[in-house]
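Read off the chains here:
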Amino acid sequence: MISIALSKGRILDETLPLLKAAGIVASENPDTSRKLIIATSRRDVRLIIVRATDVPTYVQYGAADLGIAGGDVLAEHGGSGLYQPLDLKLARCRLMVAVRRGFDYEQAVRQGARLRVATKYLQTAREHFAAKGVHVDLIKLYGSMELAPLTGLADAIVDLVSTGNTLQANDLIAVEEVAQISARLIINQAAFKLKRAVIQPVLDALTRAVK
Ligand code: AMP
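So, a few notes on the structure that sits alongside this text. (Residues numbered from 1 in each chain as written. Predicted model: local features only at pLDDT ≥ 70, side-chain atom pairs only at ≥ 80, totals over all residues. Heavy atoms only, no water.)

**Quick word on the overall build of the chain**
When helices and strands are tallied, the chain shows 9 helices and 9 strands. At a minimum sequence separation of 6, the contacts of the chain that also span at least 24 residues come to 66%. For the chain, the accessible area works out to roughly 10,900 Å², and carbon and sulfur atoms hold 49% of it. Measuring between centres, the 27 positive side-chain charges of the chain sit 6 Å from its 21 negative side-chain charges. (Helix = DSSP H or I, 4+ residues; strand = E, 2+ residues; numbered from the N terminus. Contact = heavy atoms within 4.5 Å. Areas by Shrake-Rupley, 256 points an atom, 1.4 Å probe, with all protein chains shown as cover. Lys, Arg positive; Asp, Glu negative; His and termini not counted. Charge placed at Lys NZ, Arg CZ, Asp CG, Glu CD.)

**Quick notes on the nonpolar core**
Core analysis: the biggest nonpolar cluster contains 29 residues, and Ile4, Leu6, Leu66, Leu185 and Leu206 have the highest contact counts within it. Secondary-structure elements contributing two or more residues to this core are β1 (2-6), α1 (10-21), β3 (45-49), β4 (66-70), β5 (82-100), β9 (172-188), α8 (189-194) and α9 (196-210). Here the element with the most residues in this core is α9; it accounts for 5 residues. Membership of the second largest hydrophobic core comes to 17 residues, among which are Leu95, Ala125, Phe129 and Val178. (Core = buried A, V, L, I, M, F, W, Y, C linked by side-chain atoms within 4.5 Å. Buried < 20%, exposed > 50% of the residue type's maximum accessible area, 1.4 Å probe, protein only.)

**Things to note about the site of the ligand**
The immediate surroundings of the ligand are formed by Arg10, Ala91, Cys93, Glu146, Asp159, Leu160, Val161, Ser162, Thr163, Gly164, Asn165 and Thr166. Separating a nitrogen atom of the ligand from a backbone N or O atom of Ala91 is a distance of 3.1 Å. In this structure, Thr166 approaches the ligand through a side-chain N or O atom, which is 2.5 Å from an oxygen atom. Protein chains shield 75% of the accessible area of the ligand, which is 490 Å² for the free molecule. For the ligand, the cavity whose grid points lie within 2 Å of the majority of its atoms is the largest pocket. For the shell around the ligand, the elements supplying multiple residues, two or more each, are β5, β8 (156-161) and α7 (165-169). Per element, the largest residue contribution to the shell around the ligand is 3 residues, and it comes from β8. Among the residues forming the shell around the ligand, the class breakdown is 4 nonpolar, 5 polar and 3 charged. (Near = heavy atom within 4 Å. Polar contact = N/O pair within 3.5 Å; in protein donor to acceptor, adjacent residues only side chain to side chain. 1 Å grid on protein atoms, 1.4 Å probe; cavity = no way out; pocket = protein on both sides within 12 Å on 5 of 7 lines; lining within 4 Å. Sits in = over half its atoms within 2 Å of the grid points. Nonpolar A, V, L, I, M, F, W, Y, C, P; charged D, E, K, R; others polar.)

**Quick word on the layout of surface pockets**
Empty space within the largest pocket amounts to approximately 960 Å³. Lining the largest pocket are 36 residues, and of these Asp72, Lys120, Tyr121, Asp159 and Leu160 sit closest to its centre. Among the secondary structure elements, those contributing two or more residues to the lining of the largest pocket are α1, α3 (71-77), β5, β8, α7 and β9. Considering every element that reaches the lining of the largest pocket, the biggest residue donor is α3, with 4 residues. Classifying every residue of the lining of the largest pocket gives 14 nonpolar, 13 polar and 9 charged. Taken together, domain 1 (2-91 + 182-210) and domain 2 (93-180) each give at least three residues to the lining of the largest pocket, which thus spans both. (Points joined across faces, edges and corners; volume = space filled by probe spheres on them. Domains from an automatic or database assignment.)

**A few points about α9**
Taking 1.5 Å of rise per residue, the 15 residues of α9 would be expected to cover 21 Å, and the 20 Å separating its terminal C-alpha atoms lies within 8% of that figure. For α9, every residue scored as buried is listed here: Ile199, Val202, Leu203, Ala205 and Leu206. The buried residues of α9 occupy one face: seen down the axis, they fall within an arc of 165°. α9 presents Ala197 and Arg208 as exposed residues on the side facing more than 90 degrees away from its buried surface. Elements in contact with the buried residues of α9: β1, α1, β4, β5, β9 and α8. (Expected span 1.5 Å × (residues − 1). Arc of directions from axis to C-beta.)

This is the structure we're talking about:
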């Protein structure tokens, strides 16, 4: 038996057709079901539904053998104990620095100002600004980061941008790309060795489905 950790929402919507192409069909719709462990058309494969940020943790500790997680979540987690063999090219978006329209980000950076940056992605943001030599005070938020520059909590945010509609609706503009993001398949390193006979064909089928 192998378990695949998935999260509800954007990634799940795009993942289910991919799993189907690999011969794995959920026995009920994880988006509407209240079940957290869902059987599939394959007796030896089950789905475990967890929060997006918890997917790497379940796989790292072997509570799930495989998982599908966003690159943003993986960067924050650090990837310890995980193989990341396949970019699924799903849920694509960009992690961006954004500021209030009218705030001169370039000028602030040039002047060496100490910027206050609100984000869910502390680790990734810290590395990004350190690499640029920009001094920042990071403020951890758990959601609605767009509010931070509008209320004076922060000068800038680091957040995911897909269509750009959310930024536009809140009078914010993206000023810098931090990373390009997409969902990736992750595999517990020990499980990949011990259950290779089951996992390798699933990996091969997903690789074909992505292509
Ligand atoms: P958009 O308005 O299409 O640019 O989407 C931006 C909002 O959706 C922000 O609140 C983001 O945090 C969130 N978002 C965008 N892309 C993703 C993604 N791939 N996964 C999770 N959240 C996302």
